[in-house]
Amino acid sequence: MPTETARVPEDISGRLRRLPVGEITWRHTFRALRHRNYRLFFWGQLVSLIGTWMQQTAMSWFVYEITNSKFLLGAIAAVGSAPMMLFAIWGGSLADLYSKRSILIATQTAQMICAFLLAAGVWAGFATPLFIMIIAGLNGIAWGFDMPARQAFTVEMASREDLLNAISLNSSIVNGARVVGPSVAGLLIGAVGVAMCFFLNGLSFVAVIVGLLMMRLPPFQRPSHIASATEHAWNGVVYAAKHQRVRTILLLFLLIGIFGWSYAVIMPAFARDVLGRGANGYGLLMSASGSGALVGALIVATYGHLFPPRKLALGGVWIFSVALVAFSFSRNFYVALAFLFAAGFGMLLFFSTSNTALQTIVPDEMRGRVMGVWSLIFGAMIPLGSLEAGAVAHWLGTPFALAFGGIICAVSALVTLLVIQRRETASG
């Protein structure tokens, strides 16, 4: 029997939302999987993302091993994400004008080729830091078009009613892959080398491409009357800048991304230099963060709609911030694992809730472009955050860089809460 629902005001979007008033069960957790298209996407992405996290873990370890440079760790991560700043707005515009599935097939194929090139480079011995930067940049271009289309495609694969659940399940597979991928990468690096991680990631894209091809979708109808390409794309930026709630969410997302998300970039240095661990220990640290996020995703998928989004989002930031500062002081490996678990949990609460709120606020015809702005910020925060974390770790030490980021995140959430309260008082 479906859970009975009641409509109540949604405190971020101002729209009505459905709240279960009957019994909540774990079947409720996976209700978005009742949609065939979403099931195909879910399982394909799960396989592909395990490969993606294997590659990311292996690349960071390989770069640090051949360069011994914390700054280059951040620089290569920045180069891999910077193209999103250039292409995300256009990617969002394309997602509103063309079939999102076709866009995703093209971008996933491009990322598959990049993974195979990395594997070939390591096997043949020409995988220098410059070569890795070039491949990372090409991969970033593909991401610039992939991310807004994939985010906006979620509601088409599931439904607006199941959007929070679908986004939370998306997060669960991302973070489930974070549990499996780094651990497998740590084992493979020691056993057969980093090249195999890149090669297996290339193969993993086959699963998501096949899933996209198998989907049953209505014929895509392109808007009949549109502005010029530049004006169409720019309208999304203007909408995001003028809409108060959208602007607030995006600004907080940017700050958390720059000063919080970037902690993963300097994790190889913390694992090796502070905790005295090798590739396997580094993989376990990343898996601990992914485990916490996975638990958070499943909890949000099941119970997230029972709580005000603001409390989930801001509470998640504060949990993440406290855990990250505590982690920076930890010198015991197992204590560090526990704090990273809590950090991953808190970050997921913020990420899933803010993403869902953003997509429910905007009208359907603007979703691709607004998610393009979201992807632009995502693309900006990674290079900026990577460079910030790498530079601070280089000059002031890795523990200080982590603690500093956690404090900035906590303050940002507090300022956001005060701004929202002041706005409500003024309009009240």
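Anyway, here's the lowdown on the structure attached to this text. Residue numbers here run from 1 along each chain, matching the order of that chain's written sequence. Local features in a predicted model are, by the rule used here, given only for residues with pLDDT of at least 70; side-chain atom pairs are given and counted only at 80 or more, and totals for whole chains, interfaces and linings are based on all residues. Note: side-chain values were computed over all heavy atoms of the structure, leaving out hydrogens and water.

1. Some points on the overall build of the chain
Working step 1: Regarding its fold elements, the chain presents 14 helices and two strands.
Working step 2: The buried label applies to any residue whose accessible area, calculated with a 1.4 Å probe on protein chains only, is under 20% of its type's maximum; exposed applies above 50%, and partly exposed to all values in between. The buried share of the chain, taken over its 428 residues, is 56%.
Working step 3: Contact between two residues is taken to exist if any of their heavy atoms lie within 4.5 Å; hydrogens are not considered. The long-range share in the chain, meaning contacts at least 24 apart out of those at least 6 apart in sequence, stands at 85%.
Working step 4: Each accessible area is a Shrake-Rupley estimate made with a 1.4 Å probe; only the visible protein chains count as cover when residues are assessed. Counting every atom, the chain has about 17,600 Å² of accessible surface; 68% of that belongs to carbon and sulfur. The secondary structure listing takes helices from DSSP runs of H or I that are at least 4 residues long and strands from runs of E that are at least 2 residues long, numbered from the N terminus.

2. Points about the nonpolar core
Working step 1: What we call a nonpolar core is a set of buried Ala, Val, Leu, Ile, Met, Phe, Trp, Tyr and Cys residues that are connected through their side-chain atoms within 4.5 Å. Ranked by internal contacts, the top residues of the largest apolar core, which has 110 residues, are Tyr38, Met267, Leu285 and Trp374.
Working step 2: Element by element, the count of residues in this core is highest for helix α1 (residues 36–67), at 13 residues.
Working step 3: Not counting the four nearest positions on each side in its chain, Trp374 is found in contact with Met147, Gln151, Leu250, Phe253, Phe351, Asn355 and Leu358.
Working step 4: Counting five residues, the second-largest nonpolar core is a separate cluster that includes Ala293, Ala297, Val300 and Leu349.

3. Observations concerning the pattern of salt bridges
Working step 1: For this document, the term salt bridge refers to a Lys or Arg side-chain nitrogen within 4 Å of an Asp or Glu carboxyl oxygen. What the rule picks out here adds up to two salt bridges.
Working step 2: With a shortest N-O distance of 3.2 Å, Asp273 and Arg272 are connected by a salt bridge.

4. Section: helix α4 (residues 129–157)
Working step 1: Multiplying 1.5 Å by the helix residue count minus one yields the expected span of that helix. An ideal rise of 1.5 Å per residue puts 42 Å on 29 residues; α4 measures up with 39 Å between its terminal C-alpha atoms.
Working step 2: Throughout, bend refers to the angle between the axes fitted to the seven residues that end at a position and the seven residues that start at it. At Asp146, α4 is deflected by roughly 30 degrees, the largest bend along its length, and proline Pro148 occurs up to four residues later in sequence.

5. Details of the packing of α1 against α4
Working step 1: In this description, a line fitted to the C-alpha atoms serves as the axis of each element, helices being fitted only across the stretch in contact, and the angle between N-to-C directions of two axes falls anywhere from 0 to 180 degrees. Across the interface, α1 lies against α4 with an axial gap of 13 Å and an inter-helix angle of 155 degrees. In terms of orientation, α1 lies roughly antiparallel with respect to α4. Read as a crossing pair, α1 and α4 show a hand that is left-handed. Where α1 approaches α4, its residues Asn37, Tyr38, Phe41, Gln45, Met59, Phe62, Val63, Ile66 and Thr67 are matched on the opposing element by Pro129, Ile132, Arg150 and Met157.
Working step 2: Gly counts as polar in this scheme, as do all residues outside two lists: the nonpolar Ala, Val, Leu, Ile, Met, Phe, Trp, Tyr, Cys and Pro, and the charged Asp, Glu, Lys and Arg. The residue makeup of the contact of α1 with α4, split by class, is nine nonpolar, three polar and one charged. Convention used here: angles under 35 degrees read as roughly parallel, angles over 145 as roughly antiparallel, angles from 65 to 115 as roughly perpendicular, and any remaining angle as oblique. Crossings are classed by handedness, with left-handed meaning an anticlockwise turn of the near helix from the far one by less than a right angle and right-handed meaning a clockwise turn.

6. Regarding the packing of aromatic side chains
Working step 1: Here a pair means two rings of Phe, Tyr or Trp (six-membered ring of Trp) with centres within 6.5 Å. Their orientation is stacked below 30 degrees between planes, edge-to-face above 60, and tilted elsewhere. Taken as a whole, this structure holds 11 aromatic pairs when the rule is applied.
Working step 2: Measuring from centroid to centroid gives 6.1 Å for Phe259 and Phe404, while their planes differ by 75 degrees, and the two rings are edge-to-face. In this pair, Phe259 sits in helix α8 (residues 244–259) while Phe404 sits in helix α14 (residues 398–427), placing the two residues 145 residues apart along the sequence.
Working step 3: Judged by relative accessible area, which is 32%, Phe404 ranks as partly exposed.
Working step 4: Ring geometry for Phe270 against Phe327: centres 4.5 Å apart, planes inclined by 35 degrees, an arrangement best described as tilted. Of this pair, Phe270 sits in helix α9 (residues 267–274) while Phe327 is found in helix α11 (residues 309–329), placing the two residues 57 residues apart along the sequence. Summarising the burial analysis for this pair, Phe270 and Phe327 share the class buried.
Working step 5: Put simply, the rings of Tyr38, Phe41, Phe42 and Trp43 pair up and form one aromatic cluster.

7. Quick word on the side chain of Asp146
Working step 1: Along the polypeptide, Asp146 turns up in helix α4.
Working step 2: Of the polar contacts made by the side chain of Asp146, one reaches the side chain of Gln108; its length is 2.8 Å.
Working step 3: Sequence-distant contacts of Asp146, defined by excluding residues within four places in its chain, comprise Leu104, Thr107, Gln108 and Gln111. Side-chain atoms alone can form a polar contact between residues adjacent in sequence; in general such a contact is a pair of N or O atoms within 3.5 Å, and within protein one must be able to donate a hydrogen while the other accepts it.

8. Observations concerning helix α3 (residues 100–124)
Working step 1: Between its terminal C-alpha atoms α3 stretches 36 Å, which fits the 36 Å expected from 25 residues at 1.5 Å a residue.
Working step 2: Turning to α3, its buried residues are Lys100, Ile103, Leu104, Thr107, Gln108, Gln111, Met112, Cys114, Ala115, Leu118, Ala119 and Gly121.
Working step 3: Buried residues along α3 sit against α1, α2 (70–97), α4 and α6 (194–214).
Working step 4: Phi turns positive, to about 85 degrees, at Gly125, one or two residues after α3.

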